[in-house]
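If you want the building blocks of each chain, they are given just below.
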Amino acid sequence: DDRSRFWTVYQKVAAQHDNEFLEHYDGDMDIVLIFSGLFSAVNTAFITTMGPSDATTTDALLTQIITLMVMNSQGTTITDNYPLPVPPAYSNGQVWFQTLAYASLAFSLLAAFGAVLGKQW
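Residues numbered from 1 in each chain as written. Predicted model: local features only at pLDDT ≥ 70, side-chain atom pairs only at ≥ 80, totals over all residues. Heavy atoms only, no water.

S.K.: I'd like to hear about helix H3 (residues 92–120), residue by residue, with values.
M.R.: Between its terminal C-alpha atoms H3 stretches 42 Å, which fits the 42 Å expected from 29 residues at 1.5 Å a residue. For H3, the set of buried residues is Gln 98, Ala 101, Leu 105, Ser 108, Ala 112 and Ala 115. Buried positions along H3 lie against helix H1 (2–50). (Helix = DSSP H or I, 4+ residues; strand = E, 2+ residues; numbered from the N terminus. Expected span 1.5 Å × (residues − 1). Buried < 20%, exposed > 50% of the residue type's maximum accessible area, 1.4 Å probe, protein only. Contact = heavy atoms within 4.5 Å.)

Rendered as structure tokens:
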């Protein structure tokens, strides 16, 4: 029967085409996952170094604690206020750079999420 032979050949050709398609795009999704993972790691390393330094605030707090302990041990009354140092404000360029860094991290994670969904599908 010609009809059954047509569908048999069609099923064979379609399965071959589908397998080639899946192999090709499965490899592409692996590449996207590797690239987005490495890019996210490097981008995160840069983002963590862009923040304000906690060392300045910690040093100021430790200095205040030591001063207050010395004054207390000498019986001196503590009447002064010891304000914390105000961190410098970010410039417009720093704000834009941080915004772009966080946006690129978000898009990289979104690409990785899409690749994972594609591989599971």
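S.K.: Hey, could you go over the pattern of salt bridges for me, with residue numbers and the actual values?
M.R.: For the coordinates displayed, the defined rule picks out two salt bridges. Here Lys 119 makes a salt bridge to Asp 30, at a shortest N to O gap of 2.8 Å. With Lys 119 in helix H3 and Asp 30 in helix H1, this residue pair connects regions lying 89 residues apart in the sequence. Exposure remark for Asp 30: the relative accessible area of 32% places this residue in the partly exposed category. One network of salt bridges, with partners in common, ties together Asp 26, Asp 30 and Lys 119. (Salt bridge = Lys/Arg side-chain N within 4 Å of Asp/Glu carboxyl O.)

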